[in-house]
Amino acid sequence: MRYVLFIITLLFSIVLYAQENNATYTKRVLERTEIDLLFSYYDQDGKNAAVTGGEGTEKLTDATSNIIVRIPLNDNDVLTVDAGISAYTSASSSNVNPLDGSNVVISPFNASSGASKSDKLVHFKGSYEHSSKDRNTVVGANIYAAKEFDYSSVGFGVNYAHSFNEKNTEISVSGQVFLDKWNVQYPIELRNSFFDSRVTGSGTYAPSFIGFSNHNRNSYSLSLGLSQILGKKVQASLVADFILQNGLLSTPFQRVYFGDVNDFFIDDFQLADDVERLPDTRFKLPIGGRLNYYLNDTFVLRSYYRFYWDDWGVNSHTISLELPVKLNAVFTLYPTYRFYNQSQANNFYKKEMAVSSLTYYTSDYDLSKFNSHQYGAGLRYKDIFAELKILGFGLKTLDIRGAMYNRSTGLDSFIVSLGTTFVNVN
């Protein structure tokens with residue numbers, strides 16, 4: 001009998017111990033180190049290059065690669081390192097100096113073969129996040145740096161998120177600061193000591209050009225978010241961003257042609273009257289909302305709407321839809337569609353519609369009135385057990401995406417991307 005009582009007491013103690021451990025056990029925020037490898041290829045073409053005053057080739061190709069490493073420091077803390085490089089070739093930017101190639105200038109619809117036709121952007125971002133033991137609160141901080149030939153940027157930010165109402169509601173706030181600086185490049189004809197005997201026109205080409213004295217651009221943003229589970233099948237979220245920019249917000253190498261001055265050319269290439277000049281402050285207010293609806297085990301409808309306003313006169317509306325279709329346990333197909341519409345900025349002028357007496361002017365069609373459509377699709381492979389292994393890492397996800405973009409101004413583009421997530425299984 002004593003042995004029976006001993007065994008019962010022992011079993012009861014084990015059960016109580018297990019229950020106590022289960023009550024206090026907290027799952028790690030991130031179980032193992034994860035590595036994301038990302039690659040994309042982008043191609044565009046159009047006829048309204050800002051570099052050549054709103055008329056000319058917009059041909060551009062860009063190849064981007066990224067590596068993102070997420071490292072669990074302990075049960076509650078995660079360190080993320082994001083590094084990448086983007087290499088592009090641009091026909092329009094090559095015409096910042098159309099004389100640096102073969103020295104034969106044909107028209108703004110042709111690209112120079114010189115060094116200014118290509119560049120690369122290198123960036124680095126490090127972030128740290130700490131989760132509370134009850135997993136209801138997350139705080140984090142990040143630093144950022146990026147560099148290309150004529151532009152450099154450093155940034156830092158903080159973020160906070162808190163869940164309550166049995167994790168059905170989440171509020172979030174984040175702030176970010178970017179301190180950027182131009183290595184100012186003006187169109188070749190507006191640089192000091194420019195002279196070319198091939199210049200033709202009525203009179204003498206002598207634009208009253210004054211360069212920018214401030215080469216810095218600073219951006220400050222505050223984001224507020226609210227996410228709410230509305231039911232077993234519906235989740236919604238709202239995000240509002242408050243963004244203030246100041247400094248050199250003009251792009252120094254984007255030409256402007258005036259309607260009240262004489263035109264000058266080298267061959268068929270028109271020389272600049274000035275570069276774009278825009279206000280040195282800009283306030284932006286985008287407000288967006290998401291609504292995701294679980295239809296059944298096969299379909300989930302994801303929708304998004306954003307309204308944007310800024311004090312340069314641009315208002316825009318964005319609507320996007322995504323319909324993931326779960327094909328089986330590991331594969332999901334997701335077609336996407338995005339519509340965008342915006343109004344014209346106050347200081348936008350088509351080629352030779354601005355006059356020299358104005359204070360601000362640009363012929364950048366990104367600030368014109370237009371609408372656009374983007375159609376795309378993706379295929380995702382997801383295996384949470386990461387059974388497929390490569391060099392000691394298990395393949396957790398694989399994403400392949402493609403999209404076509406059409407703008408009413410004549411700009412067309414496409415992008416293909418590949419993304420993978422590997423998890424350390426050792």
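For the structure itself, look to the data block above.
So, how was this worked out
Residues numbered from 1 in each chain as written. Predicted model: local features only at pLDDT ≥ 70, side-chain atom pairs only at ≥ 80, totals over all residues. Heavy atoms only, no water. 1 Å grid on protein atoms, 1.4 Å probe; cavity = no way out; pocket = protein on both sides within 12 Å on 5 of 7 lines; lining within 4 Å. Points joined across faces, edges and corners; volume = space filled by probe spheres on them. Nonpolar A, V, L, I, M, F, W, Y, C, P; charged D, E, K, R; others polar. Helix = DSSP H or I, 4+ residues; strand = E, 2+ residues; numbered from the N terminus. Buried < 20%, exposed > 50% of the residue type's maximum accessible area, 1.4 Å probe, protein only. Core = buried A, V, L, I, M, F, W, Y, C linked by side-chain atoms within 4.5 Å. Contact = heavy atoms within 4.5 Å. Lys, Arg positive; Asp, Glu negative; His and termini not counted. Salt bridge = Lys/Arg side-chain N within 4 Å of Asp/Glu carboxyl O. Polar contact = N/O pair within 3.5 Å; in protein donor to acceptor, adjacent residues only side chain to side chain. Phe/Tyr/Trp six-rings, centres within 6.5 Å; stacked < 30°, edge-to-face > 60°. Lys NZ or Arg CZ within 6 Å of the ring centre and 35° of its normal. Pairing = 2+ DSSP bridges.

1. Some words on empty space enclosed by the protein
Piece 1. Summed over all chains, the structure comprises one cavity of 30 Å³ or more.
Piece 2. There is about 40 Å³ of room inside the largest cavity.
Piece 3. Of the residues belonging to the lining of the largest cavity, the class tally is eight nonpolar, no polar and two charged.

2. Considering unusual backbone geometry
Piece 1. The residue S193 is not glycine, and still its phi comes out positive at about 65 degrees.
Piece 2. With respect to the helices and strands, S193 occurs in the loop between β7 (169-182) and β8 (199-201).
Piece 3. Overall, S193 belongs to the exposed group, its relative accessible area being 76%.
Piece 4. A positive phi is found at E352, a non-glycine position, where the angle reads about 65 degrees.
Piece 5. Along the chain, E352 falls in the loop between β19 (331-342) and β20 (370-382).

3. Thoughts on the environment of N165
Piece 1. Positionally, N165 belongs in the loop between β6 (151-164) and β7.
Piece 2. Spatially, the C-alpha atom of N165 lies 9.6 Å from that of Q228, the residues being 63 residues apart in sequence.

4. Re the layout of surface pockets
Piece 1. As a volume, the second largest pocket reaches approximately 330 Å³.
Piece 2. Forming the boundary of the second largest pocket are 18 residues, of which L321, E322, T336, Q374 and R401 lie nearest the centre.
Piece 3. Elements supplying a minimum of two residues to the lining of the second largest pocket: β15 (281-294), β16 (300-310), β17 (315-322), β19, β20 and β22 (393-407).
Piece 4. At four residues, the largest contribution of residues to the lining of the second largest pocket is made by β19.
Piece 5. In the lining of the second largest pocket, the residues fall into six nonpolar, seven polar and five charged.

5. What about the nonpolar core?
Piece 1. Core analysis: the biggest nonpolar cluster contains 18 residues, and W182 and L190 have the highest contact counts within it.
Piece 2. What L190 contacts, discounting residues up to four positions off in sequence, is Y205, P207, F209, A272, D274 and V275.
Piece 3. With seven residues, the next largest nonpolar core counts L249, W312, A345 and L367 among its residues.

6. Describing the side chain of D150
Piece 1. Residue position: D150 is located in the loop between β5 (137-148) and β6.
Piece 2. For D150, which is buried and forms no salt bridge, the nearest opposite charge comes from K147, at a distance of 7.4 Å.
Piece 3. Contact partners of D150, with chain neighbours within four places excluded, come to D119, K181, W182, N183, Q185 and F253.

7. A closer look at the side chain of Q44
Piece 1. Tracing the backbone shows Q44 in strand β1 (residues 34-45).
Piece 2. A polar contact of 2.7 Å, which involves the side chain of Q44, links it to the side chain of Y42.

8. With respect to the environment of T169
Piece 1. Inspection of the secondary structure puts T169 in strand β7.
Piece 2. Overall, T169 belongs to the buried group, its relative accessible area being 5%.
Piece 3. The sequence separation of T169 and G54 amounts to 115 residues, and the corresponding C-alpha distance is 47 Å.

9. Overview of the packing of aromatic side chains
Piece 1. For the structure on display, the rule yields 12 aromatic pairs.
Piece 2. When the ring of Y337 is compared with that of Y375, the centres are 5.4 Å apart and the planes differ by 45 degrees; the resulting orientation is tilted. Of this pair, Y337 sits in strand β19 while Y375 sits in strand β20, placing them 38 residues apart in sequence.
Piece 3. Since its relative accessible area comes to 28%, Y337 is described here as partly exposed.
Piece 4. Classification of Y375 by relative accessible area gives partly exposed; the value is 44%.
Piece 5. An aromatic cluster is present here, built from Y186, F209 and F212 joined pairwise through their rings.
Piece 6. The ring of F212 carries the charged tip of R277 above its face, separated from the ring centre by 4.9 Å.
Piece 7. Taking the ring centre of Y257 as reference, the NZ or CZ of K351 above it sits at 5.1 Å.

10. A short note on the pairing of strand β23 (residues 412-424)
Piece 1. As defined by bridge partners, β1 adjoins β23 across 12 bridges and the pair is classed as antiparallel. For E34, the partnering residue across the bridge sits in β23 and is V423.
Piece 2. Examined bridge by bridge, β22 and β23 share 13 bridges and lie antiparallel to one another. When the bridges of β23 are listed, A403 appears paired with I415.
Piece 3. Connecting β22 to the next strand, β23, in antiparallel fashion are four residues, including G410 with a positive phi near 105 degrees.

11. Comments concerning the pattern of salt bridges
Piece 1. By the definition in use, this model includes 13 salt bridges.
Piece 2. Salt-bridge contacts for R70 lead to D36; the nearest nitrogen and oxygen are separated by 2.8 Å. You can see R70 sitting in strand β2 (residues 60-72) and its partner D36 sitting in strand β1, a full 34 residues away along the chain.
Piece 3. Here D36 falls in the buried class, since its relative accessible area comes to 10%.
Piece 4. One salt bridge in this structure joins E322 and R302, with 3.1 Å as the shortest N-O distance.

12. A few points about the environment of Q270
Piece 1. Inspection of the secondary structure assignment puts Q270 in strand β13 (residues 269-270).
Piece 2. A relative accessible area of 6% places Q270 in the buried class.
Piece 3. As a C-alpha pair, Q270 and Y257 span 13 residues in sequence and 8.7 Å in three-dimensional space.
Piece 4. With residues near it in sequence (within four places) discarded, Q270 still touches E189, Y257, D263, F264, F265, K351 and E352.

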